[in-house]
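# Structural overview for review
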Amino acid sequence: MVAMVGTGCSAGLGGPASSRAAQDGVIRFTFAPDPIWDYMNDTGLLEEFERDNGVAIETSATWDEFGLFAGGHADIISSASFEVPGLEEQTERDTVVIGRYNSERSRILVRTEEPATTLADLKGRRLGVFTTVSGTLVWSALVKELHGLDLRSGGGDFDIVVADIQNLSNLLARGEIDACICYPDLSARELRDGTVRALYGGKSSAELFAEHDAPGHDGPMGNVFVARRDWAQSHPREVSAFLDLWNRGLAEWRAHRDEIIERYPQHFAVASPADIDFMKDYVAQHDWVVDDVRFDGRWAADESSIFDLMRDTGVIGTDVEDPDFLPTRGADK
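Here the structure is a predicted model, which means the values were calculated and not measured.

This paragraph deals with helix H12 (residues 297-312). Count 3.6 residues to each turn of an α-helix, and residues three or four apart come out pointing the same way. The terminal C-alpha atoms of H12, which comprises 16 residues, lie 23 Å apart, in line with the 22 Å expected from a rise of 1.5 Å per residue. Residues of H12 that are buried include every one of Trp-299, Ala-300, Asp-302, Glu-303, Ser-304, Ser-305, Ile-306, Phe-307, Leu-309, Met-310 and Arg-311, and no others. Among the structural elements, helix H4 (84-91), strand E4 (95-103), helix H5 (135-147), helix H8 (205-212) and strand E10 (221-228) are those in contact with the buried residues of H12. Two to three positions downstream of the cap, the backbone nitrogen of Arg-298 sits 3.3 Å from a side-chain oxygen, assigning the N-cap of H12 to Asp-296.

Ordered in space as E7-E6-E8-E5-E9, the five strands form an open sheet in which the pairing is mixed. Each having just a single partner strand, strand E7 (159-162) and strand E9 (196-198) make up the two edges of the open sheet. Here the strands of the sheet are splayed against their neighbours by 30° on average, with no regard to which way each runs. With two bridges connecting them, strand E6 (residues 126-129) and strand E8 (residues 179-182) associate as parallel partners. Within E8, the residue paired with Leu-127 across the bridge is Ala-179.

In this section: the environment of Asp-75. Its place among the elements puts Asp-75 in the loop between helix H3 (65-70) and strand E3 (76-79). On a C-alpha basis, the gap between Asp-75 and Val-239 in space is 9.9 Å, while along the polypeptide they are 164 residues apart. Of note is the side chain of Asp-75, whose polar atom sits 2.9 Å from the side chain of Arg-228.

Below, the discussion takes up the environment of Ser-304. For Ser-304, the location among the structural elements is in helix H12. A sequence separation of 84 residues divides Ser-304 from Pro-220, and the C-alpha atoms of the two residues are 8.4 Å apart.

Turning to the state of the cysteines, a few remarks are in order. Taken as a whole and assessed by the stated rule, the structure comprises one disulfide. In this model Cys-180 forms its disulfide with Cys-182; the gap between the sulfur atoms is 2.1 Å. Torsion about the S-S bond of the Cys-180 and Cys-182 cystine: about -125°, corresponding to left-handed handedness. A relative accessible area of 0% places Cys-180 in the buried class. Residue classification places Cys-182 among the buried positions, given a relative accessible area of 3%.

This model, assessed by the stated rule, comprises 20 aromatic pairs. Measuring from ring centre to ring centre gives 5.1 Å for Phe-29 and Phe-31, while their planes differ by 35°; the resulting arrangement is tilted. Using a relative accessible area of 0% as the deciding quantity, one classes Phe-29 as buried. Ring centres 5.8 Å apart and planes at 35° place the aromatic pair Trp-139 and Tyr-200 in the tilted group. Pair noted here: Trp-139 is in helix H5 and Tyr-200 is in the loop between E9 and H8, with a separation of 61 residues, a long-range link. Judged by its relative accessible area of 0%, Trp-139 is buried. Judged by relative accessible area, which is 12%, Tyr-200 ranks as buried. Members of the aromatic cluster, connected to one another through ring pairs, are Phe-29, Phe-31, Trp-37, Tyr-101, Phe-225, Phe-242 and Trp-246. One cation-aromatic arrangement involves Arg-105 over Tyr-183; the distance from NZ or CZ to the ring centre is 4.3 Å.

About the thresholds
- Residues numbered from 1 in each chain as written.
- Predicted model: local features only at pLDDT ≥ 70, side-chain atom pairs only at ≥ 80, totals over all residues.
- Heavy atoms only, no water.
- Helix = DSSP H or I, 4+ residues; strand = E, 2+ residues; numbered from the N terminus.
- Expected span 1.5 Å × (residues − 1).
- Buried < 20%, exposed > 50% of the residue type's maximum accessible area, 1.4 Å probe, protein only.
- Contact = heavy atoms within 4.5 Å.
- Polar contact = N/O pair within 3.5 Å; in protein donor to acceptor, adjacent residues only side chain to side chain.
- Pairing = 2+ DSSP bridges.
- Axes fitted to C-alpha atoms, helices over the stretch in contact; angles between N-to-C directions.
- Disulfide = S-S within 2.5 Å.
- Phe/Tyr/Trp six-rings, centres within 6.5 Å; stacked < 30°, edge-to-face > 60°.
- Lys NZ or Arg CZ within 6 Å of the ring centre and 35° of its normal.

Here is the structure:
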């Protein structure tokens, strides 16, 4: 899940965020469509927050967050934590991670009748992915660490098939691929009807990483909040207000999760009542949204360890540096 809406000083759905320079008391926030954000907007919580805190949030809903960030049209965007170095390289902007949102939730799915228990049992077969970056980077490191196998396209140990993210589990169910790196919320129908199942005991990449590399950790993150370093350094009040706002959103999610899934089923790629009910039950057992947007130094160190793993396994170069994190949990606001 990821979210965004609005233009001008409105937090509703709209076009690009303002291109003017940053101002005190204004946060230009660009995010992909997200149910928690929509819920806060539609229930008036955003308007209430802006009024009570004297902070205006200019927002835009887009899947091209990097592009708006590169163009100087956003102060804060979201990104997977392990994609932040690529963000800096592509946008040529120094950044700092100011908050966390949800863990990397992709899983390895196979057809239910497939006897494999790990990807090692599927060496040489067709593995569907939606991209060679994103969650595939994490799985590449994990598969190398656990099995000594290579997920690289065109030369690795699997026949990599790149396909539309929303169609992967359907291709799997039809037998056109043998496994996929899939999001559970984009595989609800096939999971519900029992045509596909998850390997590794149903664990996500984040859960598997925590189990083997960072016990007790809840990452790596599929979405963190990333700010321009110069803006974050010169706008500490706005940074703190932004984190407070998202903590309110996380609290709303915990209190009204089923209602939010019913209200915005499109964000979970479900439509039928049966699939909506399945997703409510699934998320209750496998919620990938964090409890607190703020983090401390220990959490940042554990999150950074995904880069150690990716460097050690050759998934990224040894010259790739860790992102910078701004711990604020426990700090005076």
